[in-house]
Amino acid sequence: MLDRSCSKLLRALLPLLAATGCDGCPSSRPYTPYTLGSATPSGSPPPLSGVGPGAAGAGPEADAGAPDAAVPRFAVVPGVPAPEGGKRWPLEGSAVVAAPTGRTFETGLLLDVDGDGARDLVAWARSPDGLRGELLLAPAARPQALRTLAALPGDLDAQGCTPRVGLSQIGPSALTFDFAPQCGRAQRGGAGAGATRWIAVIRLPGSAAGADAPPELALELRLRTPPAEEALSASLEIADRDADGRDDLIVSVGIEGALRPFPAPAGAASEVRAPLVFLDRPAGLSRDAAQPGETLRALAASLLRDARGKSTAPSVAASAARLRRFHAALCADAESGAGATTGRDATRAGEALVWTGAGPVRCGELGLAAAIDHAEAVAASTRGAPIAAIAALDRGGAEARTKDEAKLLAKLAPPATATAVYRTAAAPQPSRAGAFGSLAFEASGALLVRTAQGVVRVDTATSTESATDVPPWPAAVHAGPAELVAVERRCDAPTLLALFRSSPDAVGEMEVPLPLLRGQGPRARPGAAAPERCAGTERLPFVPLAASEGGFDIALGAALISIDLRAAAPAASALSFPLTTPAPQGAARSPDGATLAVPAGGGLLVASAGGAPRLWTGGDLAQATACAPANGGARVACVVGAAAVIFEAK
């Protein structure tokens, strides 16, 4: 069944993309969108989107008020395979173009480039391995005076891949050359791994430019290979978008599929698209700053509308994840140096999959991440999932929280002031981050403190502390023989990763992708802003909630995640509150498992099944770690310095 939220997203997108076709002016000249590789001969790149060249009514304008059908449309002209084994290419008459030494022609076009009435040759000449080459022009008047229009950049990584190319004329004054390495799964092991697709747009001079005016490389695009679960597409359209009599270029970029472990979308909802618009100016192509920002804002606004509907709110989380991923893949927004943006909008240059010749695309939508988070929070609130809503609101950190987000957070988790009511003499045994803590309440309300000498029971009613015969519980988080080691944010992975050892004597660690993108989740130092650029590996604070033979339950802030180890390929998924798994001693849960206490929202989030969550702040909570709640959530014990402190809240 179609994802109704995503269907609305696409409907919101169509009018914006249609605007790239015609401005309603008599002087504008719309042309059919050209999908890279879809009109090329056998051996060229396969189509990467559903829009085919030359198809009447194809493309977004068919759904949103297409221009008059009588307006002539340019028929895309695909390149043809080279004749004579690629060594020679005959021109009209008796002229022949010989391939350069060490090169073989693969595909080409015959067209009058210089306006002298004779058809010239534009052809791709490649090396024997196909991984190097040049796009050449051979004028009909001087067949051996070869001129290089564009050369394949030397830094493209296509080793181990099979190159496939396409050459087409997509407008009266525009050619595209598409170099697309076809790589196996081994070359696509991670985000940005493997080869990069390279597209060159060549602008022809036109008759007004004079016979000696050469064609020029107008634009370079690079599409980095996404992980194997995703597909990245780009379609090109020529249109006079600003009605100045010059043909502009619209590049519609789309991404479909879903990263593991996000659920795969179905049908039309599987793809999200937005245009990059390049206006033709005398000095060259100039990017229109309005796009893709207008489209991205419209998609986020559509999310918020769906978030408020009872029937559409359940699908918003998946749609938000796709839009958030698309934004990260398309845009690298932060400026470097002084005044750089931090928090949830910090630069994603290492994550962006789309680059132009000028570098990564900067979309200028610094509030988009907050808008997506807000929509997801509203949707979770609409469907009665306050913990999920708080997790969405908390992604940017307290410093980046907007007034609307702060208001919604206060509604979802009313603030409470914590007061210390007891400080133990017993010193809790230190434990590493991500391990089971040294504190656990009993059903009676007494607190157990795991010390280096054993377990001490604290009876606050009598203010006594006494040794017990309760066996110390382990600090390590084990699911059968497997041990959860860490949660990492890495530059080479698009999602956060959970690391675990399959057994105590295992060599190395196994990875499980989590349903949180790399920019989500808490920082290694709570309260710290995101770095301006991804740097190495960052281990994140997380709180263990449960461990059993089947796997682990953890919290990253208010984001609750289950890691299932029972399948051949371990998988992670979002977890609903309240949890149904038993609560082990030392977990951030009450003895009955119905209450949890996790750092989130700039304080300690205390939530009990059947009650409203509350956000505790004040006292020594800012320095507290390894917190554990009592049944009902009226009391919480945390490690503060060398003691355990029991808090109550008003």
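About the criteria used
- Residues numbered from 1 in each chain as written.
- Predicted model: local features only at pLDDT ≥ 70, side-chain atom pairs only at ≥ 80, totals over all residues.
- Heavy atoms only, no water.
- Helix = DSSP H or I, 4+ residues; strand = E, 2+ residues; numbered from the N terminus.
- Polar contact = N/O pair within 3.5 Å; in protein donor to acceptor, adjacent residues only side chain to side chain.
- Contact = heavy atoms within 4.5 Å.
- pLDDT = per-residue confidence, 0-100.
- Pairing = 2+ DSSP bridges.
- Salt bridge = Lys/Arg side-chain N within 4 Å of Asp/Glu carboxyl O.
- Core = buried A, V, L, I, M, F, W, Y, C linked by side-chain atoms within 4.5 Å.
- Buried < 20%, exposed > 50% of the residue type's maximum accessible area, 1.4 Å probe, protein only.

A. Examining the side chain of Q520 more closely. Relative to the assigned elements, Q520 resides in the loop between β28 (510–517) and β29 (537–539). Within the structure, Q520 has its side chain in polar contact with the backbone nitrogen of L517 (distance 2.6 Å). Among residues more than four places away in sequence, those in contact with Q520 are R324, R395, R489 and L496.

B. Region of the structure containing the confidence of the model for the protein chain. Of the residues in the protein chain, 80% have a pLDDT of 70 or more, and the chain-wide mean is 82. Overall, residues 1–71 carries pLDDT values under 50, and its contacts beyond four positions in sequence, including any with other chains, amount to 180 contacts. A low-confidence stretch, residues 334–350 stays under pLDDT 50, and its non-local contacts, those more than four residues away or across chains, total 51 contacts.

C. View of the sheet that holds strand β13 (residues 216–224). Taken together, the 7 strands give an open sheet; going across it, the order is β2-β10-β11-β12-β13-β18-β19, and neighbouring strands pair in antiparallel fashion. Single-partner strands in this sheet number two, and they are β2 (77–78) and β19 (359–360). Here β13 pairs with strand β18 (residues 354–356) via 3 bridges, running antiparallel. Bridge pairing in β18 links L223 to V354.

D. Structural context of the pattern of salt bridges. As enumerated under the stated definition, the model contains 33 salt bridges in all. A salt bridge links D129 to R132; its shortest N-O distance comes to 3.6 Å. In this structure, R539 engages E488 in a salt bridge whose closest nitrogen and oxygen atoms are separated by 3.0 Å. Of this pair, R539 sits in strand β29 while E488 sits in strand β26 (residues 482–490), and the two are 51 residues apart along the sequence. Taken together, the shared-partner salt bridges connect R432, E483, E488, R490, D492, R501, E509, E511 and R539 into one network.

E. Fine view of the nonpolar core. Formed by 90 residues in total, the largest nonpolar core has its most connected members in V251 and I563. Among the elements that make up this core, the one with the highest residue count is helix α4 (residues 368–382) (7 residues). If sequence neighbours within four positions are ignored, V251 has contacts with L219, L221, A234, S235, L236, A274, P275, L276 and F278. Core analysis: the second largest hydrophobic core is formed by 25 residues, L109, L135, C183 and L204 among them.

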